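Here is how the chains run, residue by residue.
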Amino acid sequence: MPTEHKHNNDVSQPTQEAETSNVWKAMLSIWIKWTLATFVSYTLVSLLLGFLA
Amino acid sequence: MLAVAVVGGILSGIAQWMILPRLKMKGLWILASAIGSVLGVFVTLGSINIFYQFPESVLALMMGATMGAMIGLGQWLVLRQWVRGAYLWAVAVIINWALIWINIADCAGSTDFWGCIPIWRVYGGYLIMSAGTGAAIAFLLTRAIHVTRL
């Protein structure tokens, strides 16, 4: 029984770490994409309207 | 600047929507962004008479917050269906729009707006707003994905 307990702990620890790492990666990915998409949109509109004006 | 707000709001809504397919928001996000941007311009212009008595920087802060509130509240109505604590999104948008307007406060009333304001301040402002709202949406979406496995 104690052996089984140790086995479970060994498996869950790296899985939790990997999950946390994935969450951070996902957050960073969304942040970069969102920042670029929004920045490029407003920049393009400003350039276009500045050009037309 | 108001024309940039409307067209930029719609265009960025489309660009942002491309990042949000996981939540199956379809066109609602673009619609909310477009309506919020147009409504924001009318409400902001309408509120000038109320805010006009305040100093320039306070006026800019209030107008930016008003514009942000119109955009943020519309998007919040969409986001709250999928994400818990979506009100944080509206708060982030209001703060970021207020910052943008404070950034241009000294030139907002100028007839030659684009000639008045240094270019680095315009694009620096866009970058801060983009990164600020990006951080908020990344936090909210990642939490939603993590918790509910959307």
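Notes on the structure follow.

### Focus: the overall build of chain B
Phase 1: The number of helices and strands found in chain B is six helices and zero strands.
Phase 2: The order of helices and strands in chain B, counted from the N terminus, is α-α-α-α-α-α.
Phase 3: A total of 150 residues make up chain B; the buried ones form 43% of that total.

### A closer look at the overall build of chain A
Phase 1: Regarding its fold elements, chain A presents one helix and zero strands.
Phase 2: The proportion of buried residues among the 53 residues of chain A is 23%.

### Digging into helix H2 (residues 28-51) of chain B
Phase 1: Where H2(B) bends most, at B:Leu45, the angle is about 25°.
Phase 2: All of the buried residues along H2(B) are B:Trp29, B:Ile30, B:Ala32, B:Ser33, B:Ala34, B:Gly36, B:Ser37, B:Gly40 and B:Thr44.

### Brief notes about the environment of A:Thr38
Phase 1: Inspection of the secondary structure puts A:Thr38 in helix H1 (residues 2-52).
Phase 2: The buried category is assigned to A:Thr38, around which 27 C-beta atoms lie within 10 Å.
Phase 3: Spatially, the C-alpha atoms of A:Thr38 and A:Thr15 are 34 Å apart, while their sequence positions differ by 23 residues.
Phase 4: If near-sequence neighbours (up to four positions away) are discounted, A:Thr38 is found in contact with B:Ser12, B:Ala15, B:Gln16, B:Ser130, B:Thr133 and B:Gly134.

### Brief notes about the nonpolar core
Phase 1: Formed by 47 residues in total, the largest nonpolar core has its most connected members in A:Ile30, B:Trp89, B:Trp97 and B:Ile137.
Phase 2: Among the secondary structure elements, those contributing two or more residues to this core are H1 of chain A together with helix H1 (2-17), H2, helix H3 (56-79), helix H4 (87-103) and helix H6 (119-148) of chain B.
Phase 3: With residues up to four places along the chain from it excluded, the contact list for B:Ile137 reads A:Ile30, A:Trp34 and B:Trp89.

### Here we look at the interface of chain B and chain A
Phase 1: Tallying the contact residues gives 27 residues for chain B and 21 residues for chain A.
Phase 2: Sorting the residues of the side of chain B that touches chain A by element identifies H1 and H6 of chain B as the ones contributing at least two each.
Phase 3: Considering every element that reaches the side of chain B that touches chain A, the biggest residue donor is H6(B), with 16 residues.
Phase 4: For the side of chain B that touches chain A, the class distribution of residues is 19 nonpolar, eight polar and no charged.

### So, the packing of H3(B) against H4(B)
All names here are of chain B.
Phase 1: At a minimum axis separation of 7 Å, H3 and H4 run at an interaxial angle of 150°. Put simply, H3 runs roughly antiparallel to H4. Judged by the twist between their axes, the crossing of H3 over H4 is right-handed.
Phase 2: Here the contact of H3 with H4 is built from residues that sort into 20 nonpolar, six polar and no charged.

### Some words on the environment of B:Met63
Residue and element names in this part refer to chain B.
Phase 1: Among the structural elements, Met 63 can be located in helix H3.
Phase 2: A C-alpha to C-alpha distance of 7.2 Å links Met 63 and Ala 98, two positions 35 residues apart in sequence.
Phase 3: Dropping the residues within four chain positions of it, Met 63 is found in contact with Thr 44, Ser 47, Phe 51 and Trp 101.

Definitions and limits used
- Residues numbered from 1 in each chain as written.
- Chains lettered and ligands numbered in written order.
- Predicted model: local features only at pLDDT ≥ 70, side-chain atom pairs only at ≥ 80, totals over all residues.
- Helix = DSSP H or I, 4+ residues; strand = E, 2+ residues; numbered from the N terminus.
- Buried ≥ 20, exposed ≤ 12 C-beta atoms within 10 Å, placed from the backbone.
- Bend = angle between axes of the 7 residues up to and from the residue.
- Contact = placed C-beta atoms within 7 Å.
- Core = buried A, V, L, I, M, F, W, Y, C linked by C-beta atoms within 7 Å.
- Nonpolar A, V, L, I, M, F, W, Y, C, P; charged D, E, K, R; others polar.
- Axes fitted to C-alpha atoms, helices over the stretch in contact; angles between N-to-C directions.
- Parallel < 35°, antiparallel > 145°, perpendicular 65-115°, else oblique.
- Left-handed = near helix turned anticlockwise from the far one by under 90°.

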